[in-house]
Amino acid sequence: MAEKISEASFNATEKQSFVESDDSSNSDKKSDPNLVRNICILAHVDHGKTTLADHLIASYGGGVLHPKQAGKLRFMDYLDEEQRRAITMKSSSIALQFKSYFINLIDSPGHMDFCSEVSTAARLSDGALVLVDAVEGVHIQTHAVLRQAWIEKLTPCLVLNKVDRLICELRLSPMEAYNRLLRIIHEVNGIVSAFQSEKYLSDVDSMLSVVASGDAGEENYEFIDNEEEDTFQPQKGNVIFACALDGWGFGVYDFAEFYASKLGASSAALQKALWGPHYFNAKTKMIVGKKGISSAAKARPMFVQFILEPLWQVYRSTLESDGDRGVLEKVIKSFNLSIPSRELQNKDPKAVLQAVMSRWLPLSDTILSMVVKCMPDPVAAQSFRISRLLPKRDTFENADSSDVLTEAELVRKSVEACDSSPTAPCVAFVSKMFAVPIKMLPRGEILNNSVDENDSGECFLAFARIFSGVLFAGQRVFVLSALYDPLKEESKQKHVQEADLQSLYLMMGQGLKPVASAKAGNIVAIRGLSQHILKSATLSSTIHSWPFSSMVFQVAPTLKVAIEPSDPADMGALMKGLRLLNRADPFVEVTVSARGEHVLAAAGEVHLERCVKDLKERFAKVSLEVSPPLVSYKETIEGEMTNTLENLKLFSGSSDYVEKTTPNGRCAVRVQVMRLPTPLTKLLDESSELLGDIIGGKSKQVLKSLETLRGSIVQDENPIEALKKRMMDAIDNDLSSGISEMERDRIEKYRTLWRTLLKRIWALGPRQVGPNILFTPGREKSIEGSVLIKGFPYVSDRLGFCDVGESNGTTGESSPIADEMLLREAESLESSVLSGFQLATSAGPLCDEPMWGLAFVVEAFISPIDRQSNEDNISIQQAEQYGMFTGQVMTAVKEACRAAVLQRKPRLVEALYFCELNTPTEYLGSMYAVLARRRARVIKEEMQEGSPLFTVNAYVPVTESFGFADELRRWTSGASSALLVLSHWEPLLEDPFFVPKTEEEIEEHGDGSSVPQNTARKLINAVRRRKGLPVEEKVVQHATKQRTLARKV
Ligand SMILES: Nc1nc2c(ncn2[C@@H]2O[C@H](COP(=O)(O)OP(=O)(O)OP(=O)(O)O)[C@@H](O)[C@H]2O)c(=O)[nH]1
Ligand SMILES: [Mg+2]
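Residues numbered from 1 in each chain as written. Chains lettered and ligands numbered in written order. Predicted model: local features only at pLDDT ≥ 70, side-chain atom pairs only at ≥ 80, totals over all residues. Heavy atoms only, no water.

By the naming in an unreviewed UniProt entry, the chain goes by Elongation factor-like 1 and is assigned to Sesamum alatum.

Rendered as structure tokens:
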């Protein structure tokens, strides 16, 4: 099939904004950006995106796809793997010519594993067609794609697809179908309005804070306009009801036009009345509300009466064996359709249906008319997308930088205006790199042999959109990475490269058509950047420009496997293959683990499988061994809500600590540990990037712009203050959920305690930003004759928890015998304590996995060097010990922290997937059996109204998720589907060291010799074995007992 498409003719007729390579005489042809639209199709998996794309291509793709094949070929799924699995795995673009309009259409995948491709598609588009299956309704990925469209500031339109299923599968009456469609639209609007109110609330918040501080500027009011109006309204023309399979679709508008003359009403009035609770009074020939109609019980809204009923009639009369063909004739006549009688006589009722429907309500025309009408052209779109694409940066102007800033501002202005004049700065954004086999390139280029690099037969192209100026083949541009800062000299070395663009192509699915140049507002593929761009980048004709903000990805690659060649001699080929794969797939991550394994991280099983296949067949071309998935765990201690207060009491001033002493006896380390409130742990985990920036000392201004770049919806607040507030809230949350009303005063006490604790945060770990806290020691205790390493609440200081001056107070008081030198030594050893803490939190005692949600207080006391030895000795001893001593303190701190964890009931923490399952009722039993085997926890189950499907939400441990989807499919004969998204971390309640002791326990579990180990212990042992750590396993404990047991069986 691949061959067929590549050979297809490219007479997508006149290209408005391109200059074709072989026709340079056209180069001065004026193009009109008003006639361009860049759109993508987004939806949950299987809701019909590629099928819809097929119809658009068949009608307006310039003949690359025959209309007979539309909906069957799935033209945009040109990879073999996509055809085999029948899902889309990448986003790809095709150019369509609709009337005088030039439309770039990007089809995107709906499967969770490929959600990164949705981000790359959304970035290059201005409008999004959001599809929803009328039977399945809103799903998890529907939420995700709506959010993506919102973040990237796309203009969305809604397509309710598969309306035929309401007629043929669910056999709903037109009225029931109407209610269902109404509900879906309502739900989708609800989602979008939640995004809007998120933004709205933050706007109000930031405005109030300005008002409070007394300098409310005029401009602060402008963004307060809470749009109450629904985003998607059929009467506004941005909702289409469709059946991509049979090739039809309509908007309320299409019918309003038709009925206007029949009913003698204006089409504008009808357009409003054809959706919602509007009724037609046949006697008075008036459009009325529910009250105005005499027999209100039987009345149907006009949408049902005038639109759905004729539709239902056509379906029923053609498809049902006893269908009345006379009804069909009547509809054909009343809607003035001309259908060749040959087609009406076809024996296949489906063919008759398609012949009628595709003429009556042609899908492509309906969709593209809506696109042209409701979606902005690049000029309009870029003027409001600019704040997302190139957010305004707060910079401090000085004499050196003013030239740079002026030019950067000029670039921003011309992106905002989508300036396509040849003199405008040229700016493009590459959202991904993709590989095509070299043989797919247009003929001439292969002969020229200008094709770059590798012998793998693959060529890398950039998927890009031009935002300003004109790009032409042969042009030299700057490639700016996301970290580039035009104001920093050193940034020019690290984050900028220069590259020559070898060729530009117009994309037709898999086919490529070379063009000599392309103007602002267009989407192209570019060859010649493979050496310069790994995944995404900004191209610019001037070095004095900011890079575009980074794209937001919904999830991170979490499924990791180790890969090695079957034959060690192929190592070189594998490494090269991994490098190519890393480049070709925007979402894969290739790393080398601490133990030297090559680790591949993918988004999920389907994605992983495709990566491995690509490696084997395209990029490395050697046989490979793939390890079982490497699941990561975390370690923590017991400490649930019930004993929050106990937990804290123990921490502040009890004598329950673990003590270790350095081998030279000069330093005694006492460590206490407690469990952090879970909300706080989660917050620290989530905010690691922001925390990293704060701790790293970025200024408020920079932080603000960084947050904006990361795509946080809430843009207008001070990120440090926001984080501080969220930390306090997290602690309060924990309180309100854990302690009853009775204990008011204790709550107050707890809060005060926390407030003082928050002023003592010395460090976070592991790697400076993890979910574990090191507090500075409390002041009171000391060991006679020694000095305490005090530390400094560095993180609290950064976060602004400490009041000025307060934190410095500690240095003043020291024990009288401590001499100056000892104090200085104590100070210099602070970094050893920190390193010890970092090491301990990066590898816990259970199986060397990072710690999670723990707080430590480390008190390290150093005592003076023994004064007995003579003076000379001391200096030698000191010099020699000094280096070693720091190491000793570090090790002692690390060991003490680990020991403290072991002592306080350690627990294993595992990652959980949120899982959405859909199952027909008859398979519920099998589905629950599969869930139970996978240690899943069901959180919600509900019948989907008006459909035979059950939707179940559950948490499934990542460890248990491999092969889950396959097993589910097998057990339910393919009727159930499951989608997994990484959700959160959660401690296993089981004690890994549990040994039954009391009589009851022994009765329940046996005495530990004959029962299998508990899950936690099994998981720990598996990890330890993988890491080559010693595993304690009692092989046979009571041989006799086992024999008797065996005999019984
Ligand atoms: N009954 C019915 N089936 C449809 C309709 N549109 C698409 N389908 C079927 O739904 C299935 C999925 O269609 P695709 O177009 O591949 O869906 P997709 O959204 O591109 O899926 P992904 O790209 O994998 O996310 C196919 O079997 C189609 O034939 C429709 O309007 N009615
Ligand atoms: Mg698809």
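Still more to cover.
## Notes on the site of ligand 1
Keep this limit in mind: Residue proximity to a molecule or strand is established when one non-hydrogen atom of the residue lies within 4 Å of it. Throughout this description, a polar contact denotes any pair of N or O atoms lying within 3.5 Å of each other; where both atoms belong to protein, one of them has to be capable of donating a hydrogen while the other can accept it, and for residues adjacent in sequence the pair is counted only when both atoms sit in side chains. For every accessible area listed, the method is Shrake-Rupley and the probe measures 1.4 Å; residues are considered covered only by the protein chains on display. Where helices and strands are cited, they refer to DSSP runs of H or I of at least four residues and of E of at least two residues respectively, numbered from the N terminus. As a working rule, the residues Ala, Val, Leu, Ile, Met, Phe, Trp, Tyr, Cys and Pro are called nonpolar, Asp, Glu, Lys and Arg charged, and the rest polar, with Gly in that last group.
Lining the immediate surroundings of ligand 1 are 18 residues, of which K49, T50, T51, T88 and D164 lie closest. At 3.2 Å, a backbone N or O of L245 approaches an oxygen atom of ligand 1. For ligand 1, whose unbound accessible area comes to 650 Å², protein coverage reaches 84%. Where the shell around ligand 1 is concerned, the elements lending two or more residues are α2 (49-60) and α6 (163-168). A total of three residues in the shell around ligand 1 trace back to one element, the largest contributor, which is α2. Taken together, the residues of the shell around ligand 1 sort by class into five nonpolar, seven polar and six charged.

## Here we look at unusual backbone geometry
In plain terms, the rule: Buried residues are those whose accessible area, probed at 1.4 Å on protein chains only, stays under 20% of the maximum for their type, while exposed residues exceed 50% and partly exposed ones sit between those limits.
The residue after G765, namely P766, is reached through a cis peptide bond having omega -5°. Within the secondary structure, P766 is located in the loop between β27 (761-765) and β28 (772-775). Even without being a glycine, A86 presents a positive backbone phi close to 60°. Along the chain, the position of A86 falls in the loop between α3 (80-85) and β3 (92-98). On the accessibility criterion, A86 (38% relative accessible area) is partly exposed. Of note in this structure, R171 is not a glycine but carries a positive phi near 50°. Tracing the sequence through the fold places R171 in the loop between α6 and α7 (174-212).

## Considering the coordination of the magnesium ion (ligand 2)
As a reminder, the rule being used: Metal coordination here is assigned from N, O and S atoms located within 2.8 Å of the ion, or within 3.2 Å for Na, K and Ca; omission of water means that sites may look incomplete.
Distances from the magnesium ion (ligand 2) to its protein donors, T50 (OG1) and T88 (OG1), fall at 1.9 Å. Here T50, found in helix α2, pairs with T88, found in the loop between α3 and β3; they are 38 residues apart in sequence, far enough to count as distant. Each member of the pair T50 and T88 is classed as buried.

## Description of the side chain of S91
Note the cut-off: Whether two residues are in contact is decided by their heavy atoms: any pair within 4.5 Å suffices.
Structurally, S91 can be placed in the loop between α3 and β3. Reaching out from S91, the side chain makes a polar contact with the side chain of T120 at a distance of 3.4 Å. When residues no more than four places from it in sequence are discounted, the contact partners of S91 are I106, D107, S108, P109, E117, T120, A121, K432 and F463.

## Quick look at the pairing of strand β21 (residues 589-592)
Stated formally: Following DSSP output, two strands are said to pair if at least two bridges run between them.
Judged from the four bridges that link them, β21 and strand β22 (residues 598-602) form a sheet pairing that is antiparallel. Note that in β22 the partner of V592 across the bridge is H598. Where β21 folds back onto β22 in an antiparallel hairpin, the turn is made up of five residues, including G596, whose phi is positive at roughly 85°.

## As for the sheet that holds β22
The cut-off we apply is this: Axis angles are defined between N-to-C directions and span 0 to 180 degrees, where every axis is a line fitted to C-alpha atoms and, for a helix, only to the segment in contact.
Pairing within the open sheet is antiparallel, and its four strands lie in the order β21-β22-β20-β23. Since the sheet does not close on itself, it has two edges, and those belong to β21 and β23 (624-626), each with one partner. Taking the axes of each pair of neighbouring strands and ignoring which way they run, one obtains an average angle of 30° across the sheet. Looking at chain direction, strand β20 (residues 559-565) and β22 are connected through five bridges and run antiparallel. Across the sheet, the residue bridging to K560 is A601, located in β22.

## Here's the deal with the pattern of salt bridges
Short version of the rule: Here a salt bridge means any side-chain nitrogen of Lys or Arg lying within 4 Å of a carboxyl oxygen belonging to Asp or Glu.
Tallied over the entire structure, the rule returns 43 salt bridges. In this structure, the salt-bridge partner of D133 is K162, at a minimum N-O distance of 3.5 Å. Linking D133 in strand β5 (residues 127-133) with K162 in the loop between β6 (155-161) and α6, this pair joins segments that are 29 residues apart in sequence. A residue is classified by how much of its surface remains accessible, and K162, at 21% relative accessible area, is partly exposed. Between E986 and R937 there is a salt bridge; the shortest N-O distance is 2.7 Å. With E986 in strand β34 (residues 977-987) and R937 in strand β32 (residues 937-943), this residue pair connects regions lying 49 residues apart in the sequence. A relative accessible area of 22% means that E986 is categorised as partly exposed.

## Remarks on the packing of aromatic side chains
Put simply, the rule is: Here a Phe, Tyr or Trp ring, Trp counted by its six-membered ring, pairs with any other such ring whose centre lies within 6.5 Å, and the pair is stacked when the planes are under 30 degrees apart, edge-to-face when over 60, and tilted otherwise.
The final tally for this structure, using the stated rule, is 27 aromatic pairs. Taking 5.3 Å as the distance between ring centres and 70° as the angle between the ring planes, the aromatic pair formed by Y178 and W275 counts as edge-to-face. Here Y178, found in helix α7, pairs with W275, found in the loop between α9 (267-273) and β9 (279-281); they are 97 residues apart in sequence, far enough to count as distant. Residue classification places Y178 among the buried positions, given a relative accessible area of 5%. Among the residues examined, W275 registers a relative accessible area of 7% and is labelled buried. An angle of 20° between the planes, with centres 5.6 Å apart, marks the rings of F429 and F548 as stacked. Of this pair, F429 sits in strand β11 (residues 427-437) while F548 is found in the loop between β19 (537-540) and β20, placing the two residues 119 residues apart along the sequence.

## Description of the side chain of Q97
Following the sequence through the fold, Q97 ends up in strand β3. Looking at Q97, its side chain comes within polar contact range of the main-chain oxygen of K99, at 3.4 Å.

## Topic: the nonpolar core
Just so we agree on the cut-off: Put simply, a nonpolar core is a bunch of buried Ala, Val, Leu, Ile, Met, Phe, Trp, Tyr and Cys residues held in one set by side-chain atoms that sit within 4.5 Å of each other.
Among the nonpolar cores identified, the biggest contains 97 residues, and L166, F241 and W360 are the most heavily contacted of them. Excluding anything up to four places from it in sequence, W360 contacts F255, P310, L311, V314, V331, F335 and L337. L73, I240, L471 and A499 belong to the second-largest nonpolar core, a separate cluster that totals 84 residues.

## Brief notes about the environment of C243
With respect to the helices and strands, C243 occurs in strand β7 (residues 239-243). When the C-alpha positions of C243 and L160 are compared, they lie 8.2 Å apart, and in sequence the two are 83 residues distant.

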